[in-house]
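# Descriptive analysis of the structure
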Amino acid sequence: MSRPPRPVLSSLGPLSLDRDGAEPLHRQLYLALRQAVLDGRLRPGERLPPSRTLAADHGLSRNTVVTAYDTLLAEGYIAGRTGAGTFVASALPDAKPDGVQPRSEVRRGVGLSTRGRMLAGAPALARDRVGRPFALGTPDLDAFPFALWAQLLGRCWRQGGKSLAAEPDPLGHPPLRAEIAAYLRAVRAVRCEAEQVVIVSGAQQGLALMAQLLLDPGDAAWVEDPGWPGNRAALLGAGARLVPVPVDGEGIDVAAGMARGPDARLVLATPSHQFPLGVTMSLARRLGLLDWAAARDAWIVEDDYDSEFRYAGPPLAALQGLDGAGRVIYVGSFSKVMFPSLRLGYVVVPPDLVEPVRAARRHFDGGTSLVPQAALHRFLADGHFASHLRTMRALYAGKRSVILDAVGRAFAGDAKAEAGEAGMHVLLRLPPDCPDRLLSERAARVGLTVPALSSYSAPGAGAGNGLLLGFAAHQPEALCRAVEDLARLAAKGDASRHLP
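A short tour of the structure in this document, coming up. Note that the coordinates shown come from a computational prediction; the quantities given were computed from them, not determined experimentally.

### Quick word on the overall build of the chain
- The secondary structure content of the chain amounts to 16 helices and 13 strands.
- Buried residues in the chain amount to 48% of all 500 residues.
- Considering only contacts within the chain whose residues lie at least 6 apart along the sequence, 72% involve residues at least 24 apart.
- If you sum the accessible surface of the chain, you get close to 23,700 Å²; carbon and sulfur atoms cover 53% of it.

### What about the pattern of salt bridges?
- Scanning the entire structure with this criterion turns up 18 salt bridges.
- A salt bridge links Asp169 to Arg358; the nearest nitrogen and oxygen atoms lie 3.4 Å apart. Of this pair, Asp169 sits in the loop between helix H5 (146-160) and helix H6 (174-187) while Arg358 sits in helix H11 (residues 354-364), and the two are 189 residues apart along the sequence.
- Relative accessible area serves as the criterion here: at 21%, Arg358 is assigned to the partly exposed category.
- Linking Arg378 and Asp382 is a salt bridge whose minimum nitrogen-to-oxygen distance equals 2.5 Å.
- Classification of Asp382 by relative accessible area gives partly exposed; the value is 34%.
- Because the salt bridges share partners, they merge into one network encompassing Asp169, Arg177, Glu355 and Arg358.

### Focus on the sheet that holds strand E5 (residues 241-248)
- Reading across the sheet, the 8 strands line up as E3-E10-E9-E8-E7-E4-E5-E6 and stay open at both edges, with mixed pairing between neighbours. A single partner strand is all that each edge strand has here, and the edge strands are strand E3 (197-200) and strand E6 (251-252).
- Note: strand E4 (residues 220-225) against strand E7 (residues 266-269), 3 bridges, orientation parallel. Across the sheet, Val223 pairs through a bridge with Leu268, a residue of E7.
- Helix-sheet contacts for helix H10 (residues 283-296) involve E4, E5, E6, E7, strand E8 (299-303) and strand E9 (328-333), and the interaxial angle to E8 is about 145°.

### A few points about the nonpolar core
- In terms of nonpolar packing, the biggest core is built from 66 residues, with Trp149, Met338, Leu469 and Leu486 touching the most fellow members.
- With sequence-adjacent residues up to four places away left out, Leu469 is seen in contact with Phe134, Leu136, Ile403, Val407, Met424, His425, Val426, Leu428, Val450 and Leu486.
- Listed in part, the 28 residues of the second largest apolar core include Val223, Ala240, Trp299 and Val347.

### Looking at empty space enclosed by the protein
- According to the stated counting rule, one finds 3 cavities of 30 Å³ or more in the structure shown.
- As a volume, the largest cavity reaches approximately 70 Å³.
- In terms of lining, the largest cavity is formed by Val223, Glu224, Gly227, Trp228, Asn231, Arg232, Leu268, Ala269 and Thr270.
- The residue inventory of the lining of the largest cavity, partitioned by class, reads 4 nonpolar, 3 polar and 2 charged.

### Some points on the packing of helix H2 (residues 51-58) against helix H3 (residues 62-75)
- Between H2 and H3, the shortest axis-to-axis distance is 8 Å and the interhelical angle comes to 125°. The pairing of H2 with H3 is recorded here as oblique in orientation. For the element pair H2 and H3, the recorded crossing hand is right-handed. Residues Ser51, Arg52, Leu54 and Ala55 of H2 lie in contact with H3, whose contacting residues are Arg62, Val65, Val66 and Tyr69.
- A breakdown of the residues in the contact of H2 with H3 according to their chemical character gives 5 nonpolar, 1 polar and 2 charged.

### Notes on the sheet that holds strand E11 (residues 416-418)
- Taken in spatial order, the 3 strands make up an open sheet running E11-E12-E13, and their pairing is antiparallel. Two strands in the sheet have a free side with no partner beyond their single neighbour: E11 and strand E13 (466-470). This sheet shows a mean twist of 30° between the axes of neighbouring strands, independent of strand direction.
- Note: strand E12 (residues 425-429) against E13, 5 bridges, orientation antiparallel. Among the inter-strand pairings, Val426 is bridged to a residue of E13, identified as Leu469.
- Against the sheet, helix H13 (residues 384-411) engages E11, E12 and E13, with an angle of about 20° to E12.

Each value, and the rule that gives it
Residues numbered from 1 in each chain as written. Predicted model: local features only at pLDDT ≥ 70, side-chain atom pairs only at ≥ 80, totals over all residues. Heavy atoms only, no water. Helix = DSSP H or I, 4+ residues; strand = E, 2+ residues; numbered from the N terminus. Buried < 20%, exposed > 50% of the residue type's maximum accessible area, 1.4 Å probe, protein only. Contact = heavy atoms within 4.5 Å. Areas by Shrake-Rupley, 256 points an atom, 1.4 Å probe, with all protein chains shown as cover. Salt bridge = Lys/Arg side-chain N within 4 Å of Asp/Glu carboxyl O. Pairing = 2+ DSSP bridges. Axes fitted to C-alpha atoms, helices over the stretch in contact; angles between N-to-C directions. Core = buried A, V, L, I, M, F, W, Y, C linked by side-chain atoms within 4.5 Å. 1 Å grid on protein atoms, 1.4 Å probe; cavity = no way out; pocket = protein on both sides within 12 Å on 5 of 7 lines; lining within 4 Å. Points joined across faces, edges and corners; volume = space filled by probe spheres on them. Nonpolar A, V, L, I, M, F, W, Y, C, P; charged D, E, K, R; others polar. Parallel < 35°, antiparallel > 145°, perpendicular 65-115°, else oblique. Left-handed = near helix turned anticlockwise from the far one by under 90°.

Here it is, written out as structure tokens:
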């Protein structure tokens, strides 16, 4: 029994044909189809409707459509495949007909808002290529139990049924929120109830959401310098005026922040594991920041970056757990612990912000997809998350030791590796005669992804001279070879003279 023909979905759209005009209909149809190809509405390789279908859809005779198709075929705009149909040609004619231009050549300038221009112009670093050492922020995907995750997704669909197809709660799946609240209370000493937990599509969305809710255009906001560009972009999208505040061995310099931005409405900080320096904020600085925020009625957004992977010292309590005035908003994510495309994070907000956040989510995006939330709930509740975290912590601790040993051997004191007590990367401090940006550019040409420390600072700031070496996604043998390759590049004398 033969299958019925598959329906053809075309991006052709409506056709403007003047049935009373002097131009024959087959000529009008030919011109309309040719224009659709040239301006990109019909793309190379896209299948056109069969002549009978197109004729029936537009009230034309089949001969009219066949004549138009034959003309396009003769000019090289379309091609026929025996038994498959008619398709837009992969290589279009070089010469454009008179008076016809592709849409890309006649576009008007983009009219961005002030916020749009700020956001589009925000400093950003290119996405790391995962397969290249020393890509940052990507976990070891070979170690994740994807078969188990698939089983959980299937079980949730079977058991959840229509309830998972309904409109989600803007704040997130209630069972997952309760599980996250219990986890944070036990592991991070966060003071919260399930009602305060908001599920978001990654930590970045959580930061942007809070910035939109809490800041007016022009409001000052402290940002760590050096710091992650994505955090700055989230604030710029809300129209904030950024105040770069230096980071030293004790974390963000609160005194410097008070001097540079005494009127700030918000502070974005990473107390447990600062990126990119890897330092931990001292207790004195934490208490000083909390006192300042309470006195100024300002907000602190705590980005708990990489806190799960701690290799030395006792577990640290979150800054939020020390807050007695309700000024700290806690942000976390599962993307680095599990896998990046999961795109699930959470925000813990003070009770007074719960309803404003609910309203904002309802208006912005309606909430986060329910199915992965349900599967994540089971992953946590059944103990798989805790087991996976233990496995990854041990795995990363081994890779961390490997890369530290490799740097010590390959660089022989010319450069120093600084490994914080947590995280998925180490900082390689370079000597002054080896500029980090130039070495980073040269390393990229030989297949190494090594972001320069100075790239994470505001213009004119002095973050230091170094490279960031991510180790989580790479095998020990590859890390050792990559460190040796990097050392050879750095050993080519004065980088400022020799690096092209």
